[in-house]
Every structure is written in structure tokens, then in C-alpha cells.
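Chains, contacts and geometry: an overview
Residues per chain are reported as follows:
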Amino acid sequence: MASLDPRAVLRERPSVGLILGLVVAGICALVSFSFDILNGDPVQFFIALALAIAPVPLLLAGVLALDRMEPEPRSNLIFAFAWGAGVAVLIAGILNSLNLIYVENRLGDAVTARNYVATIGAPVVEETMKGLVLLGLLRFRRQELDGPTDGIIYASMVGLGFAMSENVSYYLAALADNGPEGLAATVVLRGVLSPFAHPLFTSMIGIAVAYAALHKGAGWVVLLGWLGAMVLHGLWNGLASFGGFQGLAVAYLLLMALLVVELWVIVRDRKRIVGLIHHYLPPYEANGLINASDIFMLSSLQKRRQARQWAKAHGGKAGVRAMTDYQLAATELGLLHERAVRGGVNEPDFRARQRAFADLMAYARTNFPIPERHQASAARGVPPPGYAPGAPPNVPPGTQYPPPV
């Protein structure tokens, strides 16, 4: 018997902790911006704020485009972004300012002190503050970390929030020191050429946290990821501070190489998830939840999108929702099996979530907008035209599969 609301397994209910966290992050962001206003002209502040916010929607779209196979809960993503834009940037700004005062007093040279703090002190402080939210996810939302892609997504969200708020201060300083020309150069450097710097650095922690979530006794990997994030951040700042144009070019090449590596990691992770679907879901064919054409459809983002287009053409919004629910529930079911194999979920929780995902898959299938003339063939496992073009023939009944966990 299906649950009263099969979609409840996908529904997000903001917790009190999340709401309080967002309030605290908002207050921290306001305090940070108030410092910027007090240090400069209010008109200049709003110019800097607009320039810092302008690329954010495009950058967020780029990050979320990588999160289509198994999308993360929006509440978690919003909290990660808010933490970076509020809590992390405020505390890091205070600590960096104190470090700068101390080093400047010791060296007696403001420029040299600024370069040293940027190269050595700032990476430690900033990556620590950004990484704390990832540790929080590992502690309180461990079940949401299903692979390196999830770690990269959350790290990118906190990094984008941090960079947005930090850019306001940089743009204000550039405008005050060098006028419009300095502001333009800083916007190009930080907002155009290297907008993913902070996300890429922090993604080292994100990948490590995701690995620790999937492997028992692997907490030490988080320390390696933290060290990697600080070293990469320090190299970027050091090359830009001490190396001049050539150093900046080397730092930029390093950043692009890291971006390529992480994209490769995401592609590999998608293949891993597809492999889980192929391995763990065929036994559910006996229950009528899935067949060969469905697995073929779930095997790539392009085929999934094509199936949603088919559902929209025949069933409108309701059809798209049914297909989206089915795709997400099937993916989550495969990941649930892997988590159980790794010992990341106990037997009662596994059975409860397994039933919830199976209920949602069954409920979604009953709402597929299959034209009446194709319903008989669809019941035999033959996909209706346009649903999964190129799908292999339906697997004969009685085929033996590896049993679910």
C-alpha cells in the first residue's frame, strides 16, 4: 500500500536550525556591508554592491547545471551560500584585519605586510571559515553527500557567497584608490577572469568531506582536503602578490587546470551513479517499477531531458512533474543501495526509505501521460514513441538479476 503522499520523501521542511542559521547569516552580511559603507561613500558602496551581485545569477546557474543528475535540497544550497556571504566573510574579514595590523606593526611596511597576510594568513582563515559549513553538512546532513559532485556543489555555493561579499570590499578599495580605471581592472580580474577561484579552492574540502561521508574511518581525508584548499589559495594569492603579471598568468593557468580536473571528477561521478542504477534497479522490474527502457532513459542527462520533453508534450506540467519525480526517486534508490552496502544506513532506515522511493516511483509511473493507443504495449515494457528512442528490447521475464541489498 502506497503512502498517503508519495512525494513527501522529496519534500523539504525547513528546520528551526536552518531558519536560525539563515537569520544569523543575514545579520552577519548586514554587519559586513555596514563596515563597507562606513569605510567609503554610500553611493560608491551601492555601485560596488551592484557590480558584485551582477554575475552571481550566471555563476549560480553554472554551478547548478552540474547538479542535475541528483539535485541537492535547495534549503541546504541556500544555507551554504548564505554562510559564505555572511558568517564566513564577516569573521574572516575581522581576523584578516587583525592579522594585517599585527604583521604591519612588526614589519613596518604596509605593502609587504599586506602581501604576506594575503599569501599566508588569509588562505588559512578564509578556507577554515568556508569549510566549517561543509563540516556541518558532514555532521548533520551526511545522507545528502552521495559523492564528490555533492561536495563540489556545496563548496561552490559557499565559495560564491563568500566571493560576492568580498568583492564589494575589493571594488570599493579599487574605486577609492585608483578611480574608475582601477575599479574596471578589479572587476575584470575578480568578476570576469576568476569568478570561480573561491569555489575551486574550497571544493578540495568539499571532495574530501564527501569521501569521508561515504567511507567509514576516513575523517583524516578531510584534513588533506583542508590543506589542499589552503595551499591552492595561498599559491594563487602569492603568485598574484609577488609574481607580477607573469605570476598572475601562472596562477590563472593553475586555476584552469583545477577546473578541468574537477569537471572530469563530476563526469566520472555521473558514470558511477549510472552504474548504480544499472546494478541495483533491474531487480525492481518484478514489481513493475522499472524496465529496460526506463533504465536506458535514466542512463544520461540527455535521455532524461528527452523523456521530460515527451512527458510535457503529452501531459503538460503534471506529466513533467511525474517524470521528474520518477527520475529523481530512481536515482536516489540506487544511491540508497550503495549507502547500505557501505554501512552508511541501518536496516530500518534503509527499508523505510526504500519503500518511500519505491512508492514514489510507482505513483509517478501511474501518472505518466501515455497515449491510450500505446498503453497496452507500454504495459509489456515497450516504450511509447518519443519516450526513450533507441532503447533496447524489453528484458524477457524470468531474467535473473543480482538481488537488492
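What to know about the overall build of the protein chain
- For the protein chain, the helix and strand inventory stands at 13 helices and zero strands.
- When its helices and strands are written in sequence order, the protein chain yields α-α-α-α-α-α-α-α-α-α-α-α-α.
- Principal-axis analysis of the C-alpha atoms gives the protein chain an extent of 80 × 45 × 45 Å.
- A fraction of 78% describes how many contacts in the protein chain between residues 6 or more apart in sequence connect residues 24 or more apart.
- The protein chain carries 32 positive and 28 negative side-chain charges, and their two centres are separated by 9 Å.

Here we look at the confidence of the model for the protein chain
- Put simply, the protein chain has an average pLDDT of 87, and 92% of its residues get 70 or more.
- By mean pLDDT, the top-scoring element of the protein chain is helix 7 (residues 197–214) (94), and the lowest-scoring one is helix 13 (residues 375–379) (78).
- Segment residues 397–405: pLDDT under 50, and 16 contacts once partners within four positions in sequence are set aside and those in other chains are kept.

Describing the side chain of H198
- Considering the arrangement of structural elements, one finds H198 in helix 7.
- Residue class for H198 comes out buried when judged on its relative accessible area of 6%.
- In contact with H198, other than residues within four places in its own chain, are E126, E127, K130, G159, F162, A163, E166, R190 and H233.

Focus: the packing of helix 11 (residues 301–341) against helix 12 (residues 347–366)
- Two elements in contact, helix 11 and helix 12, have axes separated by 8 Å at closest approach and are oriented at 155°. Classified by the interaxial angle, the pair formed by helix 11 and helix 12 is roughly antiparallel. The crossing of helix 11 and helix 12 is left-handed. Residues A322, D325, Y326, A329, A330, E332, L333, L336, H337 and A340 of helix 11 form the contact with helix 12, whose own contacting residues are F350, R353, Q354, F357, L360, M361, A364 and R365.
- The residue inventory of the contact of helix 11 with helix 12, partitioned by class, reads twelve nonpolar, two polar and four charged.

Side note on the pattern of salt bridges
- Overall, the coordinates contain nine salt bridges when judged by the stated rule.
- Here D269 ties to R272 by a salt bridge, and the two come within 2.8 Å at their closest N and O atoms. Pair noted here: D269 and R272 are both in helix 9 (residues 244–280), with a separation of three residues, about one helical turn.
- The network of salt bridges with shared partners includes D269, R272, E338 and R342.

Concerning the environment of A213
- Looking at where A213 falls in the secondary structure, it is placed in helix 7.
- Residue classification places A213 among the buried positions, given a relative accessible area of 14%.
- Placed 66 residues apart in sequence, A213 and G147 show a C-alpha to C-alpha distance of 8.4 Å.
- Every residue in contact with A213, bar those within four places of it in the chain, is listed here: L138, R142 and L145.

Some words on a nonpolar patch on the surface
- There is a patch of nonpolar side chains on the surface, built from I19, V23, I27, V31, F35, L38, I91, I94, L95, L98 and I101 and spanning about 970 Å² of accessible area.
- Broken down by secondary-structure element, the contributors of at least two residues to the nonpolar patch are helix 1 (16–39) and helix 4 (74–107).
- Here I19 lies in helix 1.

As for the side chain of N167
- Relative to the helices and strands, N167 is located in helix 6 (residues 148–193).
- N167 gets classed as buried once you look at its relative accessible area, which sits at 7%.
- Not counting residues within four places of it along the chain, the set of residues in contact with N167 comprises A52 and R190.

Here's the deal with the nonpolar core
- Formed by 59 residues in total, the largest nonpolar core has its most connected members in F81, L134, L138, M157, V168 and V209.
- Broken down by element, the residue count for this core peaks at 14 residues, all from helix 6.
- Excluding anything up to four places from it in sequence, V209 contacts L134, L138, L145 and V222.
- In this structure, L276, Y280, Y326 and A340 belong to the second largest nonpolar core, which totals 36 residues.

With respect to the packing of aromatic side chains
- Throughout the structure, instances matching the rule amount to seven aromatic pairs.
- With centroids separated by 5.1 Å and ring planes inclined at 70°, the aromatic side chains of F45 and F46 adopt a geometry described as edge-to-face.
- Between F368 and Y387, the aromatic rings sit 6.2 Å apart at their centres with planes inclined by 45°, giving tilted as the arrangement. Here F368, found in the loop between helix 12 and helix 13, pairs with Y387, found in the segment after helix 13; they are 19 residues apart in sequence, far enough to count as distant. This pair shows no difference in class: F368 is buried, exactly as Y387 is.
- Among the aromatic residues, those joined into a cluster by ring pairs are W310, Y326, F368 and Y387.
- One Lys or Arg, R190, reaches over the ring of Y170 and ends 3.9 Å from the middle of that ring.

Quick word on the environment of A185
- By the secondary structure assignment, A185 is in helix 6.
- Residues A185 and Y171, 14 residues apart in the sequence, show an inter-C-alpha distance of 9.5 Å.

Rules used in this analysis
- Residues numbered from 1 in each chain as written.
- Predicted model: local features only at pLDDT ≥ 70, side-chain atom pairs only at ≥ 80, totals over all residues.
- Heavy atoms only, no water.
- Helix = DSSP H or I, 4+ residues; strand = E, 2+ residues; numbered from the N terminus.
- Contact = heavy atoms within 4.5 Å.
- Lys, Arg positive; Asp, Glu negative; His and termini not counted.
- Charge placed at Lys NZ, Arg CZ, Asp CG, Glu CD.
- pLDDT = per-residue confidence, 0-100.
- Buried < 20%, exposed > 50% of the residue type's maximum accessible area, 1.4 Å probe, protein only.
- Axes fitted to C-alpha atoms, helices over the stretch in contact; angles between N-to-C directions.
- Parallel < 35°, antiparallel > 145°, perpendicular 65-115°, else oblique.
- Left-handed = near helix turned anticlockwise from the far one by under 90°.
- Nonpolar A, V, L, I, M, F, W, Y, C, P; charged D, E, K, R; others polar.
- Salt bridge = Lys/Arg side-chain N within 4 Å of Asp/Glu carboxyl O.
- Patch = residues over 30% accessible without salt bridge, like charges linked within 9 Å, V, L, I, M, F, W, Y side chains within 5 Å.
- Areas by Shrake-Rupley, 256 points an atom, 1.4 Å probe, with all protein chains shown as cover.
- Core = buried A, V, L, I, M, F, W, Y, C linked by side-chain atoms within 4.5 Å.
- Phe/Tyr/Trp six-rings, centres within 6.5 Å; stacked < 30°, edge-to-face > 60°.
- Lys NZ or Arg CZ within 6 Å of the ring centre and 35° of its normal.

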